Every structure is written in structure tokens, then in C-alpha cells.
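Examination of the molecular architecture
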Amino acid sequence: MADVINLKRFKKRSEREQSAKQADANRARFGRTKAERTLDERRKDRAGDHLDQHLLDQHKLDDGDAS
């Protein structure tokens, strides 16, 4: 004969495992503080500004002149 399984316990354990997986996903997605988000945003803006400072004049690129 097979072992007897309490279906209520099995269902509750399954729901807890699913809830734990969802909690891990949410922690990874939303688990950053406001300070961390603003710091990353500032770094991204600063890097973009740094790259923009090194662009050649736009009208030279549009005309195709290399001079």
C-alpha cells in the first residue's frame, strides 16, 4: 500500500512554496531603497551628460562633411 497523505497539508505546503517564490521575485524587483534608485538615476544622467559633451557638432554629421 501507498503512504497516506494529508491533502490539506500538501495544499498548504504548496501554497507556502508558491508564496515564497513570489516574495523572492518581489524582493528582487522592488527591494531597493529610494536612495539607491536616485543614486542610479543620477549616475545614468551623469554618464549621458559625459557622452554628450564628447559629441561632434550635429550639423557636420548631417552634411556628411568630415572637415
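The structure displayed is predicted, hence computed values, not measured ones.

1. A look at the overall build of the chain
The secondary structure content of the chain amounts to 3 helices and 0 strands. From first element to last, N terminus to C terminus, the chain shows the α and β order α-α-α. Here the chain holds 67 residues, and the buried ones make up 0% of them. Per element, the accessible surface of the chain, about 7,100 Å² overall, is 51% carbon and sulfur.

2. Concerning helix H1 (residues 7-30)
With 24 residues, H1 extends 34 Å between its outermost C-alpha atoms, agreeing within 8% with the 34 Å of an ideal straight helix rising 1.5 Å per residue. With 0 of its 24 residues buried, H1 lies for the most part at the surface.

3. Focus: the pattern of salt bridges
Tallying each qualifying case throughout the model produces 3 salt bridges. Here Arg27 and Asp24 are joined by a salt bridge, their closest N and O atoms 2.5 Å apart. A residue pair is termed a helical-turn pair when its members lie 3 or 4 positions apart in one helix, as Arg27 and Asp24 do in helix H1 at 3 residues. Among the ionic pairs, Glu41 bridges to Lys44, the shortest N-O distance being 3.9 Å. Here the residue Glu41 and the residue Lys44 both occupy positions in helix H2 (residues 34-53), the gap between them amounting to 3 residues, near one helical turn. Owing to a relative accessible area of 40%, Glu41 belongs among the partly exposed residues under this scheme. Among the residues examined, Lys44 registers a relative accessible area of 54% and is labelled exposed.

4. Thoughts on a positive patch on the surface
A surface patch of positive charge is lined by Lys8, Arg9, Lys12, Arg13 and Arg16. The class of Arg16 is exposed, set by a relative accessible area of 55%.

5. Overview of a nonpolar patch on the surface
Nonpolar side chains collect at one region of the surface, where Ile5, Leu7 and Phe10 lie side by side and expose about 360 Å² of accessible area between them. Take Leu7: it is sitting in helix H1. A residue is classified by how much of its surface remains accessible, and Leu7, at 64% relative accessible area, is exposed.

6. Here's the deal with the confidence of the model for the chain
For residues with low pLDDT, the predicted coordinates do not support detailed interpretation. Taken as a whole, the chain shows an average pLDDT of 86; of its residues, 85% reach a score of 70 or greater. Ranking the elements of the chain by mean pLDDT puts helix H3 (residues 58-63) last with 60 and H1 first with 94.

Parameters and conventions
Residues numbered from 1 in each chain as written. Predicted model: local features only at pLDDT ≥ 70, side-chain atom pairs only at ≥ 80, totals over all residues. Heavy atoms only, no water. Helix = DSSP H or I, 4+ residues; strand = E, 2+ residues; numbered from the N terminus. Buried < 20%, exposed > 50% of the residue type's maximum accessible area, 1.4 Å probe, protein only. Areas by Shrake-Rupley, 256 points an atom, 1.4 Å probe, with all protein chains shown as cover. Expected span 1.5 Å × (residues − 1). Salt bridge = Lys/Arg side-chain N within 4 Å of Asp/Glu carboxyl O. Patch = residues over 30% accessible without salt bridge, like charges linked within 9 Å, V, L, I, M, F, W, Y side chains within 5 Å. Lys, Arg positive; Asp, Glu negative; His and termini not counted. Charge placed at Lys NZ, Arg CZ, Asp CG, Glu CD. pLDDT = per-residue confidence, 0-100.

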